[in-house]
Amino acid sequence: MSARAFGRVLAAITVASVTIPPVVDTAWATPLPGTVRGLAASAPLDAGAHGPPDLPSEPPPESLLPPAAKAFGQSIKLASVRRHLERLQEIADANGGTRAAATPGHEASVAYVADRLRAAGYRVTLQEFGIPFFRERKAPVLARSSPAAGAYLPGVDFETMTYSGSGKVTAPVQGVDLVLPPALNASSSSGCEVSDFKGFVRGNIALLQRGSCSFQIKAERAQAAGASGVVIFNEGQPGEALADRRILLRGSVNTSSIKIPIVGTTFAAGKELSAPGTTATLAVDAESDPDRRTRNVIAESRQGAPDRVVMLGAHLDSVMAGPGINDNGSGTAGVLETALAAKDLRTRNRLRFAFWGAEELGLLGSTHYVADLSAAERAKIKLYLNFDMIASPNHVLGIYDGDNSDTGLDTRPPAGSDRIERLFQSYFDAVGKPHQDADFTGRSDYGPFIKAGIAAGGLFTGAEGIKSAEEAAKFGGKAGAPYDSCYHQACDTLANIDDGALEANASAIAAAAHTYAYARDLPGDPVAPGPAGGPRVKEPRIGGPRAGGGLGHDHRHEPPGLLR
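This section reports on the structure supplied with the text. In this convention, every chain numbers its residues from 1, walking through the sequence in written order. In view of the model being predicted, local features appear only for residues whose pLDDT reaches at least 70, and side-chain atom pairs are presented and counted only at 80 or more, with totals across whole chains, interfaces and linings using the full set of residues. Working from all heavy atoms in the structure, the side-chain values ignore hydrogens and water.

1. Looking at the overall build of the chain
Here comes step 1: Strands are runs of DSSP state E lasting at least 2 residues, helices are runs of H or I lasting at least 4, and numbering of each runs from the N terminus. Each helix and strand counted, the chain has twelve helices and 16 strands in total.
Here comes step 2: We call two residues in contact when some of their heavy atoms are within 4.5 Å. Considering only intrachain contacts with a sequence separation of at least 6, the fraction spanning at least 24 residues in the chain is 82%.

Below is the structure:
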């Protein structure tokens with residue numbers, strides 16, 4: 001899900017050629033108490049909604065997982081969760097192979113989720129917001145005509161940068177302050193200074209090297225110097241996984257400010273293009289809109305205290321390159337099925353479910369939602385649970401490291417996040433499933449919530465990171481291979497889903513929702529004092545100090561124009 005990958009090779013689609021199921025009940029209405037502003041609402045409250053909730057017996061204080069919550073989790077059926085994935089696949093198939101934000105495929109996904117939730121009796125609201133939109137209408141071209149002819153492969157050797165300008169040019173390639181061979185450590189500042197372009201010939205294609213400043217700055221300098229196109233290649237230092245600065249360089253520039261075509265390449269392609277006397281053809285045909293409208297889906301229960309909100313969410317959009325069935329149809333399906341199963345629960349606390357738009361463009365939907373909340377509304381949200389990629393084919397069962405005790409990050413999660421982590425550990429222990437920690441970096445939709453000080457947690461089964469031998473021994477699967485080899489690609493289809501991981505995580509989502517729906521003490525409540533008025537003693541970590549293993553490949557997102 002990310003802006004750096006949004007400019008991949010895309011299947012050409014047009015609004016005129018797509019199929020969208022009808023969107024029912026989307027008229028704008030007066031905002032409901034306790035919800036976001038400017039949203040559409042469903043029917044009035046049920047008459048019985050004001051009666052006392054039918055609460056299950058309170059579990060012992062030391063219990064992290066009430067028996068009723070475990071049973072509720074186990075009641076979730078894999079077939080029901082898969083039916084949501086099948087529908088999302090059908091929607092993508094009918095709409096050019098994608099469900100990306102602000103496309104008809106995403107609007108159809110919004111309609112499906114909203115209609116199911118309305119039918120289940122939830123207050124459903126659609127929160128509209130603007131996003132910078134980008135898609136390629138045709139596959140890009142990068143080819144040499146001299147000194148030796150040769151073509152580069154999109155998605156393998158090069159890739160259009162998100163928000164690239166459009167155009168086709170054949171011109172000499174001129175290197176700008178290149179460091180070849182590359183230095184031992186990353187240090188290139190190619191194209192970062194105006195002076196780097198002294199002697200640049202207007203109309204040439206500028207060849208730049210990654211390093212020191214953002215792609216946006218490099219592209220602006222090249223455009224101002226009269227370049228007809230820009231190629232930025234990776235710097236060249238070896239490393240592991242994403243730290244390898246020889247692999248295909250993917251990234252973004254800022255919206256609409258760059259009018260010329262700009263692509264990123266591997267180090268090998270860039271080195272080849274740097275040969276004296278090279279002439280190349282560069283072509284990009286792309287569409288940009290700085291304020292395309294898209295929507296979040298927010299559904300709230302009619303039971304429970306409105307000032308004690310338990311919130312669960314998953315992003316509904318895919319990348320433009322594919323249908324996004326694991327990323328993140330899987331999280332969407334798990335949260336949606338939990339909401340449908342919980343529709344008749346008479347809870348102590350209020351359940352709220354969110355299906356975010358434009359996560360793949362940098363968490364834009366969740367960021368807009370949190371920013372739009374008043375201080376009073378924000379204070380009502382006692383915790384947020386996030387589910388992003390919960391069925392990776394070469395999966396681990398990752399739990400966000402809410403106390404950062406295992407993954408070693410410097411961040412301090414909001415108070416209560418450690419309790420959420422322990423609840424998920426407790427569930428997986430209770431059902432006999434191995435688990436490990438996942439980095440709590442804020443790179444999925446929980447990011448805006450933890451930035452606002454709201455306790456958060458969630459589950460994650462891995463993206464493009466590589467599975468270790470230790471993980472393969474623990475979870476099965478193939479060591480040395482990505483957790484999801486179809487991450488952000490057209491092959492992220494129904495065939496890319498591991499049913500075992502999907503079932504285990506969907507059940508864990510439901511168990512957590514049930515636990516917090518009835519809890520007297522929520523993770524976001526004020527911390528009670530410990531002995532003699534001191535701070536409350538932290539509960540021991542389930543499974544010992546390193547029960548996890550540190551899933552260090554969180555779902556990656558990079559803000560436009562800030563990649564280096």
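2. Observations regarding the packing of helix 2 (residues 78-94) against helix 3 (residues 104-119)
Here comes step 1: Taken N-terminus to C-terminus, the directions of helix 2 and helix 3 make an angle of 150°; their axes are 9 Å apart at the nearest point. Compared by their axis directions, helix 2 and helix 3 come out roughly antiparallel. Crossing angle aside, the handedness with which helix 2 passes helix 3 is right-handed. Contacts from Arg83, His84, Arg87, Leu88 and Ile91 of helix 2 reach helix 3 at Gly105, Ala108, Ser109, Tyr112 and Arg116.
Here comes step 2: Grouping the constituent residues of the contact of helix 2 with helix 3 by class yields four nonpolar, three polar and three charged. Angles here are taken between N-to-C directions and fall from 0 to 180 degrees, while the axes themselves are lines fitted to C-alpha atoms, restricted in helices to the stretch in contact. An angle counts as roughly parallel when it lies under 35 degrees, as roughly antiparallel when it exceeds 145, as roughly perpendicular when it falls between 65 and 115, and as oblique in every other case. Take the far helix as your reference; a near helix turned counterclockwise from it by less than a right angle gives a left-handed crossing, and one turned clockwise gives a right-handed crossing. Gly is put with the polar residues, along with every residue not named as nonpolar or charged; the nonpolar set is Ala, Val, Leu, Ile, Met, Phe, Trp, Tyr, Cys and Pro, and the charged set is Asp, Glu, Lys and Arg.

3. Quick look at the state of the cysteines
Here comes step 1: Note on terminology: disulfide denotes any pair of cysteine sulfur atoms within 2.5 Å. Enumeration according to the criterion identifies two disulfides in this entry.
Here comes step 2: For Cys192, the disulfide goes to Cys213, at an S-S distance of 2.1 Å. Disulfide Cys192-Cys213: torsion about the S-S bond near -95°, hence left-handed. One end of the pair, Cys192, is in the loop between strand 5 (167-175) and strand 6 (205-209); the other, Cys213, is in the loop between strand 6 and helix 4 (215-224), with 21 residues separating them in the sequence.
Here comes step 3: Here Cys486 connects covalently by a disulfide to Cys491, the sulfurs 2.1 Å from one another. Taking the torsion about the S-S bond as the criterion, the Cys486 to Cys491 disulfide, at about -115°, is left-handed.
Here comes step 4: With a 1.4 Å probe rolled over the protein chains alone, any residue whose accessible area is under 20% of its type maximum counts as buried; one over 50% counts as exposed, and the rest are partly exposed. The exposure class assigned to Cys486 is buried, which follows from its relative accessible area of 11%.
Here comes step 5: Judged by its relative accessible area of 33%, Cys491 falls in the partly exposed class.

4. Section: the side chain of Asp484
Here comes step 1: Along the chain, Asp484 turns up in the loop between helix 11 (469-475) and helix 12 (499-518).
Here comes step 2: We define a polar contact as two N or O atoms separated by no more than 3.5 Å, with the added condition that, inside protein, one atom must be a possible hydrogen donor and the other a possible acceptor, whereas residues neighbouring each other in sequence contribute only through side-chain atom pairs. Polar contacts involving the side chain of Asp484 include one to the side chain of Asn326, which spans 3.0 Å.
Here comes step 3: Leaving out residues up to four positions away in the same chain, Asp484 has contacts with Asn326, Met389, Ser392, Pro393, Gly462, Ala463, Glu464 and Asn496.

5. Focus: unusual backbone geometry
Here comes step 1: The peptide bond linking Leu180 to Pro181 adopts the cis configuration, its omega dihedral lying at -5°.
Here comes step 2: Here Pro181 shows up in the loop between strand 5 and strand 6.
Here comes step 3: With an omega of 5°, the peptide bond running from Asp327 to Asn328 counts as cis.
Here comes step 4: Structurally, the position occupied by Asn328 is in helix 6 (residues 325-341).
Here comes step 5: Of note, Ala241 is a non-glycine position whose phi angle comes to about 50°, a positive value.
Here comes step 6: Positionally, Ala241 belongs in the loop between strand 7 (229-233) and strand 8 (262-265).
Here comes step 7: The class of Ala241 is partly exposed, set by a relative accessible area of 41%.
Here comes step 8: Of note, His488 is a non-glycine position whose phi angle comes to about 60°, a positive value.

6. Describing the pairing of strand 2 (residues 141-146)
Here comes step 1: With five bridges connecting them, strand 2 and strand 9 (residues 279-284) associate as antiparallel partners. Bridge pairing in strand 9 places Arg144 opposite Ala280.
Here comes step 2: Being paired, for any two strands, means DSSP has found at least two bridges between them. Pairing of strand 2 with strand 3 (residues 150-151) involves two bridges; the strand directions are antiparallel. When the bridges of strand 3 are listed, Arg144 appears paired with Gly150.
Here comes step 3: Remark: three residues form the turn of the hairpin made by strand 2 and strand 3, two consecutive strands paired antiparallel.

7. Remarks on the side chain of Asn95
Here comes step 1: Locating Asn95 in the fold gives a position in the loop between helix 2 and helix 3.
Here comes step 2: Note on Asn95: relative accessible area 2%, which makes it buried.
Here comes step 3: In terms of polar contacts, Asn95 uses its side chain to reach the backbone carbonyl oxygen of Ile91, at 2.8 Å.

8. Re the nonpolar core
Nonpolar side chains tend toward joint burial in soluble globular proteins.
Here comes step 1: Within this scheme, the nonpolar core is defined by two criteria: the residues are buried Ala, Val, Leu, Ile, Met, Phe, Trp, Tyr or Cys, and they are joined through side-chain atoms within 4.5 Å. In terms of nonpolar packing, the biggest core is built from 68 residues, with Leu117, Val297 and Leu312 touching the most fellow members.
Here comes step 2: Examining the composition of this core, we find that 13 residues originate from one element, helix 12, more than from any other.
Here comes step 3: Setting aside residues no more than four positions away along its own chain, Leu312 makes contact with Val335, Leu351, Arg352, Phe353, Ala354, Tyr384, Leu385, Phe387, Ile509 and Ala513.
Here comes step 4: Counting 47 residues, the second largest nonpolar core, distinct from the first, contains Phe134, Tyr152, Phe158 and Ala358.

9. A short note on the pattern of salt bridges
Note that side chains of opposite charge can pair when their charged atoms are close.
Here comes step 1: One side-chain nitrogen of Lys or Arg within 4 Å of one carboxyl oxygen of Asp or Glu is enough to make a salt bridge. Evaluation of the coordinates by the stated rule reveals 22 salt bridges.
Here comes step 2: Residue Arg293 is joined to Glu128 by a salt bridge in which the shortest nitrogen-to-oxygen separation is 3.4 Å. In this pair, Arg293 sits in strand 10 (residues 286-300) while Glu128 sits in strand 1 (residues 123-136), placing the two residues 165 residues apart along the sequence.
Here comes step 3: Residue Asp244 pairs with Arg246 through a salt bridge whose shortest N-O separation is 2.8 Å.
Here comes step 4: Residue Arg246 is classed as partly exposed on the basis of its relative accessible area of 39%.
Here comes step 5: Several salt bridges share partner residues, and in doing so they unite Arg123, Glu300, Arg350 and Arg352 into one network.

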